[in-house]
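Summary of the model geometry
Take a look at the letters that make up each chain.
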Amino acid sequence: MSAAPTRAFNSLVTRSWSRLARVYNIPLVQRIAYRPPQDEIIEQLRRADIRRVADIGCGTGILTSRIQHELNPEVVYGCDASVGMLRQAKARSGQVNWINRRAEDTGLPDAAVDAVVSTHAFHFFDHPAALAEFHRILSPGGLLAIALNNPRSRFAQLLQPTPIQSVAYFPSPDEMRSLVEAAGFRITAQRSVRRPIPSALVPDVLTVARRI
Ligand SMILES: C[S@@+](CC[C@H](N)C(=O)[O-])C[C@H]1O[C@@H](n2cnc3c(N)ncnc32)[C@H](O)[C@@H]1O
């Protein structure tokens, strides 16, 4: 058992995702909620010209497999703590290295990757522990790109009532900057994810940084 810290009830959270795995891939859900940040991350990776990528909290592996197919890097890892979500991911691609581990303790070697990406999962992680792990597994100068909801929007405030903050917490864009910088990264960009629907409905923000 790993000694890395986790957010409260994280095993319960990841077991629940195992049960949700079958409905997660519904095309409308994917199109509205998950595809836009994935498009932006693919674009960031394309511009950075990276060789080794890890998608952390990869869920059913949609972004991870897209990275493999569309960018064809040397190595792609998809890491998730939910067995059920990873089962779906494994069926999607045999070329990705799927890892059933937690974000805070991926088991990857030091400097194993040139990019760490994560979409709609960071709020479930222990933030300092996960960022320390991302810093450890990234090579110097490596790219970090994280998309998550902006808690300042009214919609996200519904998702973040005080009692569940120990289970899932969405840092504001300013909090994200502070957390990422404190973990040894330099922020290079931060902006709202572009969407075909009003951003108030799914108000996610992409934070991009480089490992110092
Ligand atoms: C909303 S899904 C997002 C999946 C994927 N990134 C996407 O955009 O489609 C959140 C995922 O985070 C995973 N997760 C939650 N806590 C985790 C942890 N501590 N380490 C790794 N994965 C975790 C869950 O199992 C779930 O698959």
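Cut-off values and rules
- Residues numbered from 1 in each chain as written.
- Predicted model: local features only at pLDDT ≥ 70, side-chain atom pairs only at ≥ 80, totals over all residues.
- Heavy atoms only, no water.
- UniProt positions renumbered as here; feature names shortened; annotations may be inferred.
- Helix = DSSP H or I, 4+ residues; strand = E, 2+ residues; numbered from the N terminus.
- Salt bridge = Lys/Arg side-chain N within 4 Å of Asp/Glu carboxyl O.
- Near = heavy atom within 4 Å.
- Polar contact = N/O pair within 3.5 Å; in protein donor to acceptor, adjacent residues only side chain to side chain.
- Areas by Shrake-Rupley, 256 points an atom, 1.4 Å probe, with all protein chains shown as cover.
- Nonpolar A, V, L, I, M, F, W, Y, C, P; charged D, E, K, R; others polar.

Topic: the UniProt feature "domain: Methyltransferase type" (unreviewed entry) in the protein chain
UniProt's entry tags residues 55–146 with the feature "domain: Methyltransferase type" (unreviewed entry), counted in the numbering of this structure. Taken end to end, residues 55–146 has its terminal C-alpha atoms 10 Å apart, with 34% of it in helix and 28% in strand.

Regarding the pattern of salt bridges
Scanning the model with the defined rule gives 13 salt bridges in all. Here Arg46 ties to Glu43 by a salt bridge, and the two come within 3.9 Å at their closest N and O atoms. Highlighted residues: Arg46 and Glu43, both in helix α2 (residues 27–48), separated by 3 residues, approximately one helical turn. Arg136 is the partner of Glu133 in a salt bridge, and the nearest nitrogen-oxygen pair spans 2.8 Å.

Digging into the site of the ligand
The immediate surroundings of the ligand are formed by 22 residues, with Asn10, Tyr24, Gly57, Asp80 and Thr119 found nearest. Within the backbone of Ala103, one N or O atom sits 2.9 Å away from a nitrogen atom of the ligand. Summarising the interface, the protein chains cover 99% of the accessible area of the ligand, which totals 600 Å² for the free molecule. For the shell around the ligand, the secondary-structure elements that each account for two or more residues are α1 (10–24) and α2. At 4 residues, α1 tops the list of elements feeding residues into the shell around the ligand. Taken together, the residues of the shell around the ligand sort by class into 10 nonpolar, 8 polar and 4 charged.

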